[in-house]
Amino acid sequence: MGDARARLAFDAGELSYDFGAEHPLQPRRLVALIDLLGTCGLWSRTNEQQALALRPATLEELSLVHTSDYIAAVQALSNAGVDEQGKDSKQLNQLALKYGFADGDTPVLPGMHEVTSRIVGGSLVALSAVMGLPEGGAFASEEVRPLHVFHPAGGLHHAWPNRASGFCIYNDIAVAIAHVLRASEAKVLYIDFDAHHGDGVQRSFYDEPRVMTISLHETGRYLFPGTGDVLELGRGLGRGYSINMPLEPFTEDDSYIEVMEALLSPLVVSFAPDVIVTQHGCDTHAWDPLTHLSLTMRGIQAQVKLAHQLAHTYCQGRWMALGGGGYDLYRVVPRAWSIVWAEMSEQSLPDALPEEWVDRWRPVWLSVEEQEQAAQQVMGKPPSPAVFPLQFQDRAQDFPAQPRRWEISSANRHTVGLVRHLLVPPSVRQAFPSLQRQSPLAGLFDLLHLQGSATPSRSKALETSAGTLLLRDFCPPSMLERLRPDAGLRAFARLPEREMQLLMSIAKRPDCALTIAHTPDGVIVGQVTIAPGDEWWEGLDNVYEVAIEVSSGWRAMGIGHDLLAFALELDALEDIILFAMGLSWHWDTEGLGMNVYRYRELIARLFASQGFVEYPTTEPNISMEPANVLLARIGKRVDSRVASRFLNRLLSSPNLSGL
Amino acid sequence: MIVRDVMTTKLITVTPDDTLSHAANLLRQYQFHHLPVVKASTAGSKRPILEGLLTSQDIDMAAAVGSLSSTDLLHQPWQERRVVEVMHRASLRVTPNTSVAAAAQILVERGLNSLPVVEYEPMEQEGAETKPILVGLLTRSDLLIALARSLGAYEPGMQLIIPLPMGNLTPLAKTLLLAAELHISVRSVMAAPLEASIPVSAVLRLGTINPAPLLARLQEAQIQYSFADVP
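Calculation criteria
Residues numbered from 1 in each chain as written. Chains lettered and ligands numbered in written order. Predicted model: local features only at pLDDT ≥ 70, side-chain atom pairs only at ≥ 80, totals over all residues. Helix = DSSP H or I, 4+ residues; strand = E, 2+ residues; numbered from the N terminus. Rg over C-alpha atoms; globule rule 2.2 N^0.38 Å. Buried ≥ 20, exposed ≤ 12 C-beta atoms within 10 Å, placed from the backbone. Contact = placed C-beta atoms within 7 Å. Pairing = 2+ DSSP bridges. Axes fitted to C-alpha atoms, helices over the stretch in contact; angles between N-to-C directions. Nonpolar A, V, L, I, M, F, W, Y, C, P; charged D, E, K, R; others polar. Parallel < 35°, antiparallel > 145°, perpendicular 65-115°, else oblique. Expected span 1.5 Å × (residues − 1). pLDDT = per-residue confidence, 0-100. Core = buried A, V, L, I, M, F, W, Y, C linked by C-beta atoms within 7 Å.

1. A word on the overall build of chain A
Thought 1: A tally of helices and strands in chain A yields 21 helices and 16 strands.
Thought 2: The C-alpha atoms of chain A give a radius of gyration of 27 Å, which matches the 26 Å a tight globule of 659 residues would have.
Thought 3: Its C-alpha atoms give chain A principal-axis dimensions of about 85 × 55 × 50 Å.
Thought 4: Within the span of chain A, comprising 659 residues, buried residues form 53% of the whole.
Thought 5: In chain A, of all internal contacts separated by at least 6 residues, the share reaching a separation of at least 24 is 74%.

Structure, rendered in structure tokens:
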């Protein structure tokens, strides 16, 4: 086995989370998983380096997320199931109705308080171990403390603070994250890969800027729970920290992978989390009876690999993975979550499933196969082949291509464009171009300097009250490499080193122009980027977005004004449309000691000095928050038809369907 | 559904003597567009008497006029003008028992964005006229939220469409019976006529993550259903 500091948390007590033989969620899927891992020699509960001791969550821990009346109701219903049906049954029925236990999804289960507390405790211990908090347990040394933990019984993402929903009673994910918020200063990134929207977790942290929730799910237009629209963005201070990527039914692997790659890295960079929590509901698989995303193990493997890579690139490896949905119990769940564990513990999987395991579990699947096929059919899906897999990976021939593939993947691309436009700050967006956008330009430089200037990169000295600064436009990567960022340069990626990486990626792109201000000894204190308008402006030529940043220690000296003026000394200035979006959630108003409206005025004045005018717009980021502002400058030689198309776009409807 | 069910009751108000600058700040701070203007009723009672309504449009207009005109009459900056000078009297009002449909019709026909909701309370001394006591505000947003709520949008659930050929409601009735039998909660049912005057389909919001058992029963009973974009 690899020397990855990874553990798998599992406790046989968790198997009592069992709503009965007729219920789609069966704990036996975990038995099949543990059996598969054991048979392959990938995990053993007796190996102290691989296992993690769990304990139930306390009432006090549950109450970090759940309301006390709800916890009391769960306890009452949980105990009542054990007792004789007494005279209180009417009252209990009312409790069940009020708190979401009255339907077949999440029926009252005797002892459910205890078993769900155990699962919640498992996720809380697992995340605490990853974070080095005392609740994670004591370890012989820091070197053996796990960096990654997989808790397959966790992932109850639908539970609300005050009700049960969608097979979930308590929300282990939300409680574990809330515990970290309380016990440390850390920021937590949650990525929900389940086919259903992660509504309970989103709801628990909807106004919390220290938790970013990202959910990739089948669109809620028809599927449970019906939420997870792109425009659910968070509330108050949490605005911009709830990200939803609704996917079309029948998305399939290629489109899914493209979506993940276009979204996850830029979002992680812009949030700069300390730890990543992922939920790997494998009901995304084509054989799942409840959903329609149509992935195979290839898509699921890519998802797990990306999560692992993000944890190492951005969070020093801190990563907790959880289970979740997955209702093809024996053909999909054991393989999918073995892939999670193998990736996390850096062990390689054999190609073939062990014969003895197949012999044990194929008969179990055969006994439910007919039901599974019937469910596929009533859900409007093509029948899945009646085969039990013999390999970890899926065989392509078992997954016929969807007829509407092109249409579906372009719909997904539009949604990605909208999410990136709304939630990824401009500099980050430019540093992580989405795959579909290949710039038609030979280079922005040639386009902006039609007359062909003598030097490709101009420079100019600027005297300020803090000394001389050097301004340079079209800054080449070779030059940028010799510079370093000021400590206050972190408006977009939150950490100066990462901000520097962003600048480097932008400098390398021929279709972006990077202008910087630096001190004579090589410290970058300000930057302006000019780049073609993003997906929102698709179809409009000659429209460029301008973004500006001045390091926090260098403000109020007029540097922004001179830097912007210098960056906009372009031959083509009057032939193009430039715009800038001021979004209050990127503003460091605390550091500036002024309210957002004052700052808005400041930005409007800064851009007005270069001929920018404020335009009213229905663009959602601007129209949702009165402090936000869109400023644009339409060059004098811009064709009037082009200008009027731009103005029309400003007032177009806030989704990309019209494009 | 009556106005009481959907109106806003946590109200931010101004008095006739407040300045426009104060009102503008409130509108900006709370991000809305309507401020009821009230004055306290007779001593002892805390219930506010409705005097009028001030909208962000009224303020914009006052600001625009103020910046255009330099005559002596209006030389006072708009910020210092008093609410009573620019507010409407808000003569159109509804009561909490007005039907939502009637209120919606008034809003649309009169081109209004909001209606004050009042109760009439007789004054203490005999013969005095009744005064309108402000109890709520009904805005277009309240109506939209009421619509979303009656579609079940605030409850977790999935959507199912049941075609109703020739407006025959039997498939819907059977579906509801089956849902009850299978303990599937129904968050909302909408079967509104879209063409002619008969409903051609019903849209159900079901509180379940697992519709397969219900769908299987529907097939058995030969009831058509769809999720629209899943063929």
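2. What about the overall build of chain B?
Thought 1: Scanning chain B from terminus to terminus reveals eight helices and seven strands.
Thought 2: Considering chain B as a whole, with its 231 residues, one finds that 29% of them fall into the buried category.
Thought 3: Once local pairs closer than 6 in sequence are excluded, the contacts in chain B between residues at least 24 apart make up 61%.

3. Digging into the pairing of strand β12 (residues 523–532) of chain A
All names here are of chain A.
Thought 1: With nine of 10 residues buried, β12 is to be regarded as a mostly interior element.
Thought 2: In this structure, strand β10 (residues 484–485) lies alongside β12, joined through two bridges in parallel fashion. Across the sheet, the residue bridging to P485 is I524, located in β12.
Thought 3: Bridging between strand β11 (residues 513–518) and β12 involves six bridges; their strand directions are antiparallel. Among the inter-strand pairings, I516 is bridged to a residue of β12, identified as Q527.
Thought 4: Linking β11 back to β12 in an antiparallel pair, the connection comprises four residues, with G522 at a positive phi of about 90°.
Thought 5: Of the strand pairs in this sheet, β12 and strand β13 (residues 543–550) are connected by seven bridges, and their pairing is antiparallel. Looking at β13, one finds that A531 is bridged to E545.

4. Digging into the sheet that holds strand β2 (residues 148–151) of chain A
Residues and elements named next belong to chain A.
Thought 1: Taken together, the seven strands give an open sheet; going across it, the order is β1-β2-β7-β6-β3-β4-β5, and neighbouring strands pair in parallel fashion. Here the strands that pair on one side only, and so sit at the sheet edges, are β1 (6–8) and β5 (242–247). Strand after strand, the sheet turns through a mean of 10° between neighbouring axes, direction not considered.
Thought 2: Here six bridges tie strand β4 (residues 211–218) to β5, and the two strands are oriented parallel to one another. Opposite T213, over in β5, you have S242 as the bridge partner.
Thought 3: Across the sheet, helix α8 (residues 252–271) touches β3 (188–192), β4 and β5, and the angle it forms with β5 is around 175°.

5. Quick notes on the interface of chain A and chain B
Thought 1: On the side of chain B, 23 residues touch chain A, which itself brings 27 residues to the contact.
Thought 2: For the side of chain A that touches chain B, the element with the highest residue contribution is helix α11 (residues 355–378) of chain A, accounting for three residues.
Thought 3: Looking at the side of chain A that touches chain B, its residues break down into 15 nonpolar, eight polar and four charged.

6. So, the environment of P165 of chain B
Residues and elements named next belong to chain B.
Thought 1: Turning to its location among the elements, P165 is positioned in the loop between β5 (158–163) and α7 (170–181).
Thought 2: For P165, a count of 10 C-beta atoms within 10 Å gives the class exposed.
Thought 3: Distance from P165 to I198, taken between C-alpha atoms, is 9.8 Å for residues 33 residues apart in sequence.

7. Details of the environment of K174 of chain B
Residue and element names in this part refer to chain B.
Thought 1: Among the structural elements, K174 can be located in helix α7.
Thought 2: In sequence terms K174 and I223 are 49 residues apart; their C-alpha atoms lie 8.4 Å from each other.
Thought 3: What K174 contacts, discounting residues up to four positions off in sequence, is A221 and I223.

8. Notes on the packing of α8 of chain A against helix α12 (residues 405–423) of chain A
Residues and elements named next belong to chain A.
Thought 1: The contact between α8 and α12 brings their axes to 10 Å, and the two run at 5°. Taken together, α8 and α12 sit at an angle that is classed as roughly parallel. Two secondary-structure elements touch here, α8 through E252, D254, S255, V259, A262, L263, P266 and L267 and α12 through R405, I408, S409, N412, V416, V419, R420 and L423.
Thought 2: When its residues are assigned to classes, the contact of α8 with α12 shows nine nonpolar, three polar and four charged.

9. A closer look at helix α1 (residues 28–39) of chain A
All names here are of chain A.
Thought 1: In this model, α1 (12 residues) spans 16 Å end to end at C-alpha, consistent with the 16 Å of a helix rising 1.5 Å per residue.
Thought 2: Those residues of α1 that fall on the buried side of the exposure criterion are R29, L30, A32, L33, I34, L36 and L37.
Thought 3: Two residues or fewer after α1 comes G41, characterised by a positive phi angle close to 70°.

10. Remarks on the confidence of the model for chain B
Residue and element names in this part refer to chain B.
Thought 1: Looking at chain B, pLDDT values average 85 and 87% of them are 70 or higher.
Thought 2: Averaged pLDDT values over the elements of chain B bottom out at 78 in helix α3 (residues 56–68) and peak at 95 in α7.
Thought 3: Both scores are available for the predicted complex, with the pTM at 0.87 and the ipTM at 0.78.

11. Thoughts on the sheet that holds strand β7 (residues 201–206) of chain B
Residue and element names in this part refer to chain B.
Thought 1: Strands sit in the order β5-β7-β6 across an open sheet of three strands; the sheet is antiparallel. Of all strands in the sheet, those with a lone pairing partner are β5 and β6 (186–190), marking the two edges. Put simply, the sheet's adjacent strands are angled 20° from each other on average, direction ignored.

12. Notes on the packing of helix α3 (residues 68–80) of chain A against helix α5 (residues 112–131) of chain A
Helix-helix packing: each pair is described by the crossing angle between the helix axes and the interaxial distance.
Residue and element names in this part refer to chain A.
Thought 1: Orientation of α3 relative to α5, taken along the N-to-C sense of each, is 125°, at an axis distance of 7 Å. Relative to α5, the element α3 is oriented oblique. Across the interface between the two elements, V74, Q75 and S78 of α3 pack against M112, H113 and E114 of α5.
Thought 2: Residues belonging to the contact of α3 with α5 are distributed by class as follows: two nonpolar, three polar and one charged.

13. Notes on the environment of A62 of chain B
Residue and element names in this part refer to chain B.
Thought 1: Along the chain, A62 turns up in helix α3.
Thought 2: Spatially, the C-alpha atoms of A62 and V3 are 32 Å apart, while their sequence positions differ by 59 residues.
Thought 3: Excluding its chain neighbours within four sequence positions, the residues that come into contact with A62 are L20, W78, R81 and V86.

14. Some details on the nonpolar core
Where a protein is soluble and globular, its nonpolar side chains tend to be buried together.
Thought 1: Counting residues in each nonpolar core, the largest one holds 205 residues, and the members touching the most others are V130, V175, I177, Y190 and I276 of chain A.
Thought 2: No other element matches the 11 residues that α5 of chain A contributes to this core.
Thought 3: L20, I59, A90 and V117 of chain B belong to the second largest nonpolar core, which has 28 residues in total.

15. Looking at unusual backbone geometry
Residues and elements named next belong to chain A.
Thought 1: Backbone torsion omega between F224 and P225 reads -5°, so that peptide bond is classified as cis.
Thought 2: In this fold, P225 is placed in the loop between β4 and β5.
Thought 3: Within the chain, F167 stands out as a residue other than glycine whose phi angle is a positive 75°.
Thought 4: Relative to the helices and strands, F167 is located in the loop between β2 and α6 (172–183).

16. Some thoughts on α12 of chain A
Residue and element names in this part refer to chain A.
Thought 1: In this model, α12 (19 residues) spans 27 Å end to end at C-alpha, consistent with the 27 Å of a helix rising 1.5 Å per residue.
Thought 2: Regarding α12, the residues found buried are S409, A411, N412, R413, T415, V416, G417, L418, V419, R420, H421 and L423.
Thought 3: Along its buried surface, α12 packs onto β5, α8 and α13 (426–431).

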